[in-house]
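# Examination of the molecular architecture
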Amino acid sequence: MPGITINDPSEVKPGLEKAFLLEGPVLVNIQTDPNALAMPPKLEIEQLKGLALYMGKMMLSGRMDEVFKIISSNYRHLGEVL
């Protein structure tokens, strides 16, 4: 089975076009930012509480470097959430 790996956002469209042109099944592997949060179309208050609890636990356990990575990876989405 042929496989296509996509590492850059600019490669998504050409990579998918190439996959659709191939005959039969194709494995498309898209590398994403592991710190990026999956954002649903509409956030519920329980989801925000869960995120706040998770981030609080990370801070209290001394994992501030990970908290900063998550915040910096999702900075552009914070306006939508708040």
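Below or above, wherever it landed, is the structure these notes cover.

## Here's the deal with the overall build of the protein
- Within the protein, the regular secondary structure consists of four helices and two strands.
- Sequence-ordered secondary structure for the protein, helices as α and strands as β, is β-α-β-α-α-α.
- In the protein, which comprises 82 residues, the proportion classed as buried is 12%.
- Pairs at least 24 residues apart make up 46% of the contacts formed inside the protein by residues separated by at least 6 positions.
- Summed over its atoms, the accessible surface of the protein is roughly 6700 Å², and 62% of this surface lies on carbon and sulfur atoms.

## Describing the pattern of salt bridges
- By the definition in use, this model includes two salt bridges.
- Between Glu-46 and Lys-49 there is a salt bridge whose closest N-O contact spans 3.3 Å. Here the residue Glu-46 and the residue Lys-49 both occupy positions in helix α2 (residues 45–60), the gap between them amounting to three residues, near one helical turn.
- By relative accessible area, Glu-46 is classed as exposed at 53%.

## Considering helix α3 (residues 64–73)
- Residues of α3 that are buried: Val-67, Ile-70 and Ser-73. Considered in projection along α3, the buried side chains sweep an arc of 135° and stay on one side of the axis. In α3, those exposed residues whose orientation departs by more than 90 degrees from the buried face are Phe-68 and Ser-72.

Calculation criteria
- Residues numbered from 1 in each chain as written.
- Predicted model: local features only at pLDDT ≥ 70, side-chain atom pairs only at ≥ 80, totals over all residues.
- Heavy atoms only, no water.
- Helix = DSSP H or I, 4+ residues; strand = E, 2+ residues; numbered from the N terminus.
- Buried < 20%, exposed > 50% of the residue type's maximum accessible area, 1.4 Å probe, protein only.
- Contact = heavy atoms within 4.5 Å.
- Areas by Shrake-Rupley, 256 points an atom, 1.4 Å probe, with all protein chains shown as cover.
- Salt bridge = Lys/Arg side-chain N within 4 Å of Asp/Glu carboxyl O.
- Arc of directions from axis to C-beta.

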